[in-house]
Amino acid sequence: MGAPVRRFHRDATVAVADFNGDGRSDVALAPSELAGQRHRLSWFEAPANPRTPSWREHRLIDPIEAVIHSRAAADFDRDGQMDIAFAERHQGADPDDVGVLLNRGQAHPWENAVVSTTGSHGLQLLDVDGNGAPDLFGANWSGPRQNVQLWHNLAGSPGRASAGGVTPVGAAQKVPRAEFIAWPLKVSRDGRYLVDQDEQPFLLVGDSPWSLIVVPNGVTHYYRLLSPLPPLIQPRV
């Protein structure tokens, strides 16, 4: 069991989801500022009456550097339990982890699956291929590595490996390539698309900051960038 929360870091990113399956909206927090400071990444269990101070804290990473500007909750491994994605900004000490904390249930510790060590800022979730598994999309806002990254989640696809069968590496576990595949993207020569390594159009920024168009294999899908999962929307005519 966690301990009742008294206070948290003054600068924090937030994700809301039901992490223990009791039907209540729990809250996850991580420190966001400033680089060099240390705090913890935790989720807080909602009591029956959310107005009371008896929210219990469950520490997932302690300590962690205060450079987390990305937090999102979704069921990444499709096991019916809500997980947490996070990313460290490039300002922090290397490595700059992009990770998924996999929720294994109340009787088991969460697993820290490291997807990348390039960092990211303001991660967004979307399902680019319709396999039901949330993908990660983002980029660093500055620094030496500013390429746009899409981490394609193959959970739910035929022939995938079980996330529970990965080999531990240090205190974390690497998501195998059967789970996530990194798709580095770049701007096309005409400036209209983000293209893959074969120069094939993949992403086209939509007509507002909150939408994008995904065009894998020439099939166009329209999404809103919302968390945890953006709904498919229709183009304007």
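Conventions we followed
- Residues numbered from 1 in each chain as written.
- Predicted model: local features only at pLDDT ≥ 70, side-chain atom pairs only at ≥ 80, totals over all residues.
- Heavy atoms only, no water.
- Helix = DSSP H or I, 4+ residues; strand = E, 2+ residues; numbered from the N terminus.
- Buried < 20%, exposed > 50% of the residue type's maximum accessible area, 1.4 Å probe, protein only.
- Contact = heavy atoms within 4.5 Å.
- Areas by Shrake-Rupley, 256 points an atom, 1.4 Å probe, with all protein chains shown as cover.
- Phe/Tyr/Trp six-rings, centres within 6.5 Å; stacked < 30°, edge-to-face > 60°.
- Salt bridge = Lys/Arg side-chain N within 4 Å of Asp/Glu carboxyl O.
- pLDDT = per-residue confidence, 0-100.
- Polar contact = N/O pair within 3.5 Å; in protein donor to acceptor, adjacent residues only side chain to side chain.

Asks: Explain the overall build of the protein to me, using residue names and the numbers behind them.
Replies: The number of helices and strands found in the protein is zero helices and 19 strands. Per-residue burial over the protein gives 47% buried out of 237 residues. Within the protein, contacts between residues at least 6 apart in sequence are counted, and of these 44% link residues at least 24 apart. Accessible area for the protein stands at about 12,300 Å²; split by element, carbon and sulfur atoms hold 53% of it.

Asks: Help me get a handle on the packing of aromatic side chains, residues and values and all.
Replies: Evaluation of the coordinates by the stated rule reveals three aromatic pairs. Taking 5.7 Å as the distance between ring centres and 85° as the angle between the ring planes, the aromatic pair formed by Phe8 and Phe44 counts as edge-to-face. With Phe8 in the loop between β1 (3–4) and β2 (12–17) and Phe44 in strand β4 (residues 38–45), this pair connects stretches of sequence that are 36 residues apart. The buried category is assigned to Phe8, whose relative accessible area is 18%. Aromatic ring contacts, followed pair by pair, group Phe19, Trp43 and Trp110 into a single cluster.

Asks: Which residues make up the pattern of salt bridges, and what are the values?
Replies: All told, the structure shown has eight salt bridges when counted by the stated rule. One salt bridge connects Asp77 with Arg104, and the closest N-O pair in it is separated by 2.6 Å. Of this pair, Asp77 sits in the loop between β6 (68–74) and β7 (83–88) while Arg104 sits in the loop between β8 (98–102) and β9 (111–116), and the two are 27 residues apart along the sequence. Across the pair Arg104 and Asp79 runs a salt bridge whose closest N-O atoms are separated by 3.7 Å. Taken together, the residues span a long stretch of sequence, with Arg104 in the loop between β8 and β9 and Asp79 in the loop between β6 and β7 at a distance of 25 residues.

Asks: Tell me what's going on with the environment of Thr117, and back it up with residues and numbers.
Replies: Looking at where Thr117 falls in the secondary structure, it is placed in the loop between β9 and β10 (121–126). With relative accessibility at 37%, the residue Thr117 sits in the partly exposed group. Put simply, Thr117 and Pro95 are 22 residues apart on the chain and 5.4 Å apart in space, counted from C-alpha to C-alpha.

Asks: Please set out unusual backbone geometry residue by residue, giving values where relevant.
Replies: Following Asp62, the chain continues into Pro63 via a peptide bond in cis, with omega recorded as 5°. Among the structural elements, Pro63 can be located in strand β5 (residues 56–65). Put simply, Asp94 and Pro95 share a cis peptide bond, and its omega is 0°. Structurally, Pro95 is set in the loop between β7 and β8. Backbone geometry places Arg78, a non-glycine residue, at a positive phi of 60°. When you line up the elements, Arg78 lands in the loop between β6 and β7. When its relative accessible area of 41% is taken as the criterion, Arg78 is described as partly exposed.

Asks: Quick one: what's the story with the confidence of the model for the protein, residue by residue and with numbers?
Replies: For the protein, per-residue confidence averages 74 on the pLDDT scale, and 66% of positions sit at 70 or higher. This model gives residues 205–213 a pLDDT under 50, and the stretch forms 23 contacts once residues within four places in sequence are excluded.

Asks: Before we move on, could you go through the environment of Val14 and cite the residues and values that matter?
Replies: Following the sequence through the fold, Val14 ends up in strand β2. Sequence spacing of Val14 and Arg71 is 57 residues, and the spatial spacing of their C-alpha atoms is 6.3 Å. Non-local contacts of Val14, meaning those with residues more than four positions away in its chain, are made with Val27, Ala28, Leu29 and Arg71.

Asks: Please set out the environment of His121 residue by residue, giving values where relevant.
Replies: Along the polypeptide, His121 turns up in strand β10. Look at His121 and you get partly exposed, because its relative accessible area is 29%. For the pair formed by His121 and Trp141, sequence separation is 20 residues and the distance between their alpha carbons is 6.2 Å. What His121 contacts, discounting residues up to four positions off in sequence, is His69, Ser70, Arg89, Ala139, Asn140 and Trp141. Polar contacts involving the side chain of His121 include one to the side chain of His69, which spans 3.1 Å.

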